[in-house]
Amino acid sequence: MAIPSEMEAVLISEPGGPEVLKPGRRPVPQPGRGEILVEVHASGVNRPDVLQRMGAYPPPPGAPDWPGLEIAGTVAATGEGAGRFSVGDRVMALLPGGGYAEYATVHESTALPVPKALSMEEAAGVPETFFTVWHNVFQRGALRAGETFLVHGGTSGIGTTAIQLAREFGARVFATAGSADKCRAAEKLGADACINYREADFVAALKEATGGRGIDLTLDMVGGDYSNRNLDVAAEDGRIVQIAFLKGPKVEIDLNLLMRKRLQFTGSTLRNRPVPFKAGIAAELTTHVVPLFESGAVKPLIEATYPLAQAAEAHRHMDEDHIGKIVLTTQKPGA
Ligand SMILES: NC(=O)c1ccc[n+]([C@@H]2O[C@H](COP(=O)([O-])OP(=O)(O)OC[C@H]3O[C@@H](n4cnc5c(N)ncnc54)[C@H](OP(=O)(O)O)[C@@H]3O)[C@@H](O)[C@H]2O)c1
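How each quantity is defined
- Here the residue index of a chain counts from 1 through its sequence in written order.
- In keeping with the predicted nature of the model, local features appear solely for residues at pLDDT of at least 70, side-chain atom pairs appear and are counted solely at 80 or more, and the whole-chain, interface and lining totals rest on all residues.
- Side-chain metrics rest on all non-hydrogen atoms present in the structure, leaving aside hydrogens and water.
- Two strands pair under a simple rule: DSSP has to find at least two bridges between them.
- Helical segments are the DSSP runs of H or I of at least four residues, strand segments are the runs of E of at least two, and each set is numbered from the N terminus.
- Between N-to-C directions, angles span 0 to 180 degrees; the directions come from axes that are lines fitted to C-alpha atoms, helices contributing only their stretch in contact.
- By definition, a salt bridge exists where a carboxyl oxygen of Asp or Glu is found within 4 Å of a side-chain nitrogen of Lys or Arg.
- Burial here depends on accessible area, computed with a 1.4 Å probe over protein chains only, as a share of the maximum for the residue type. Under 20% is buried, over 50% is exposed, and the range in between is partly exposed.
- Using only the protein atoms, space was sampled on a 1 Å grid; points where a 1.4 Å probe fits but cannot get out form cavities, open sets with protein on both sides within 12 Å along at least five of seven lines form pockets, and lining residues are those with an atom within 4 Å of a point.
- Grid points are joined across faces, edges and corners, and a volume is the space filled by probe spheres set on the points.
- Any residue outside Ala, Val, Leu, Ile, Met, Phe, Trp, Tyr, Cys, Pro, Asp, Glu, Lys and Arg is labelled polar, Gly included; the first ten of those are nonpolar and the last four are charged.
- For each domain, the first and last residues come from an automatic or database assignment.
- Each C-beta atom gives one direction from the helix axis, and the arc is the one those directions make.
- Here, two residues are considered to be in contact whenever any of their heavy atoms come within 4.5 Å of each other.
- When at least one non-hydrogen atom of a residue lies within 4 Å of a molecule or strand, that residue is treated as near it.
- Polar contacts, as counted here, are pairs of nitrogen or oxygen atoms within 3.5 Å of one another; within protein the pair requires one atom able to donate a hydrogen and one able to accept it, and residues that are adjacent in sequence qualify only if both atoms are side-chain atoms.
- The Shrake-Rupley method, run with a 1.4 Å probe sphere, supplies the accessible areas, and residue values consider only the shown protein chains as cover.
- Working definition: rings of Phe, Tyr and Trp (its six-membered ring) pair if their centres are within 6.5 Å, and the pair is stacked with planes under 30 degrees apart, edge-to-face with planes over 60 apart, and tilted otherwise.
- A simple way to read buried area is as the amount of 1.4 Å-probe accessible surface that goes missing from two parts once joined, with both sides added.

Okay, the sheet that holds strand β9 (residues 172–177) next. Ordered in space as β10-β9-β8-β11-β12-β13, the 6 strands form an open sheet in which the pairing is parallel. Sheet topology places β10 (193–196) and β13 (264–267) at the edges, where each strand pairs with a single neighbour. Across the sheet, the axes of successive neighbouring strands diverge by a mean angle of 15°, strand direction being ignored. Pairing of strand β8 (residues 148–151) with strand β11 (residues 215–220) involves 3 bridges; the strand directions are parallel.

Given below as structure tokens:
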């Protein structure tokens, strides 16, 4: 198939609500050195896209200014020096932006072959959360088998990924979520227990569940008043990894807890990291996680798919309520 010169992309007309997402036209990007051009079949919707839409999360320099951090599709062309994939290969890839479009370029080292067990829609829901969870839970957080692990936002894209991976790698998993239905979903995915934070105090519940020992590793996206509570519920020598701050970035923490329990408090953001760093995560995912997709042990949880042109609807859905991931599809035949 000839590659057109222009494509459909979902543009942010101005910062604001879902209605500012408008279908538009953009030139099809050219793959640079080491890059591949991917004909996009599906792209994942993530909370950072919502923040970008609202004007609170600008794309890093050099990235397209339309949203989209992850895609699945087929390789349409390869740039100079790119040799890992051939035209027609099915890939899923992490992008710094620009996934809400019919085509996207990406460095080949941050793309993985689509596992045979996954559809294109499922594969599009993989990169952003699996790269983030792998780095923050296993590389930075150093989760080990037999440890206790807590993820807040247990039914978010990140949460549903973290629960499944932590369970597969032998941790005892706990989660928090904002309703009984969400808690049931988190437990079905492998959480030993999920605490509905609207009804119970997760610190008291988890101290009780762990016989007073507490949590070895917490993955937190909430911040605000959760920060001291994360320190409170931590086990001795525990770790807390911050990946977002839905309740605010500025907090006053009790350093006494940090010192007395010898805690480590760290965090990271993925989007602005350099390609070689992301390539390192891709390599570890290929070794440790792709076999789990192939065996069916782990699967991205897709709540809904929308045509690309209905990205505003997908964001409305994201802004309201969901369990797992929402995906946009270009509805290519045979995908
Ligand atoms: N640092 C990084 O590299 C990185 C990468 C990717 C994503 N992130 C961040 O990770 C978070 C999850 O991303 P996602 O795409 O998976 O988002 P998502 O599916 O929209 O999930 C957001 C979750 O936050 C929970 N939540 C919202 N307000 C809350 C509150 N006040 N207290 C407790 N929980 C609250 C919601 O659960 P309930 O309905 O149960 O409250 C929801 O499940 C986002 O904040 C995103 O920006 C960070």
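Right, picking up where we left off after that structure.
Let us now look at the pattern of salt bridges. For the structure shown, the criterion picks out 20 salt bridges. The partner of glutamate 80 in a salt bridge is arginine 33, and the shortest N-O contact between them spans 3.1 Å. Here the residue glutamate 80 occupies a position in the loop between β4 (70–78) and β5 (90–94), and arginine 33 occupies one in the loop between β2 (21–27) and β3 (35–45), the gap between them amounting to 47 residues. Note that glutamate 122 is salt-bridged to lysine 299, the shortest N-O span being 3.1 Å. With glutamate 122 in helix α2 (residues 120–124) and lysine 299 in the loop between α10 (290–295) and β14 (302–307), the pair connects residues that are 177 residues apart, well separated along the chain. By relative accessible area, which is 15% here, glutamate 122 ends up buried.

Here the idea is plain: a probe the size of a water molecule rolls over the atoms and shows the empty space left. There is about 1,200 Å³ of room inside the largest pocket. Lining the largest pocket are 45 residues; nearest its centre among them are Arg47, Ser156, Met221, Ala244 and Leu246. When residues of the lining of the largest pocket are assigned to their parent elements, the largest contribution, 4 residues, is made by helix α3 (residues 127–140). Of the residues belonging to the lining of the largest pocket, the class tally is 19 nonpolar, 16 polar and 10 charged. When residues of the lining of the largest pocket are assigned to domains, at least three fall in each of domain 1 (6–126 + 287–329) and domain 2 (130–267). The space that makes up the second largest pocket amounts to roughly 350 Å³. Lining of the second largest pocket is provided by 25 residues; of these, Glu35, Pro96, Thr105, Val106 and His107 occupy positions nearest its centre. Listing elements by their share of the lining of the second largest pocket, those giving two or more residues are β6 (103–107) and α9 (275–288).

On to helix α5 (residues 180–189). Within α5, the full set of buried residues consists of Lys182, Cys183, Ala185, Ala186 and Leu189. Seen along its axis, α5 keeps its buried residues to an arc of 160°; they face one direction. Turned more than 90 degrees away from the buried face of α5 sit Arg184 and Lys188, all of them exposed. Contacts from the buried residues of α5 go to α4 (157–168), β9 and β10.

Now for the site of the ligand. Neighbouring the ligand are 24 residues, the closest being Arg47, Gly178, Lys182, Tyr197 and His322. Isoleucine 243 places a polar main-chain atom, nitrogen or oxygen, 2.9 Å from a nitrogen atom of the ligand. Protein chains shield 88% of the accessible area of the ligand, which is 920 Å² for the free molecule. Mapped by element, the contributors of at least two residues to the shell around the ligand are α1 (47–53), α3 and α4. Counting contributing residues per domain, the shell around the ligand is built from domain 1 (6–126 + 287–329) and domain 2 (130–267), each supplying no fewer than three.

Summed over the entire model, instances satisfying the criterion amount to 5 aromatic pairs. Measuring from centroid to centroid gives 5.6 Å for tryptophan 134 and phenylalanine 169, while their planes differ by 65°, and the two rings are edge-to-face. Taken together, the residues span a long stretch of sequence, with tryptophan 134 in helix α3 and phenylalanine 169 in the loop between α4 and β9 at a distance of 35 residues. Tryptophan 134 sits in the buried class, given a relative accessible area of 5%.

All right, on to the domain arrangement of the protein chain then. Taken as a whole, the protein chain is organised into domain 1 (6–126 + 287–329) and domain 2 (130–267). Computed over C-alpha atoms, the centres of domain 1 and domain 2 are 27 Å apart. On the domain 2 side, the residues contacting the 17 residues of domain 1 number 16 residues. Summed over both sides, the interface between domain 1 and domain 2 buries roughly 1,400 Å², with carbon and sulfur atoms accounting for 72% of that surface.

Time to look at empty space enclosed by the protein. By the definition in use, this model includes 2 cavities of 30 Å³ or more. By volume, the largest cavity is sized at about 40 Å³. Every residue along the wall of the largest cavity is listed here: Met92, Leu112, Val126, Pro127, Phe130, Phe131, Leu285, Val289, Val290 and Phe293. Broken down by element, the lining of the largest cavity gets its largest block of residues, 3 residues, from α3.

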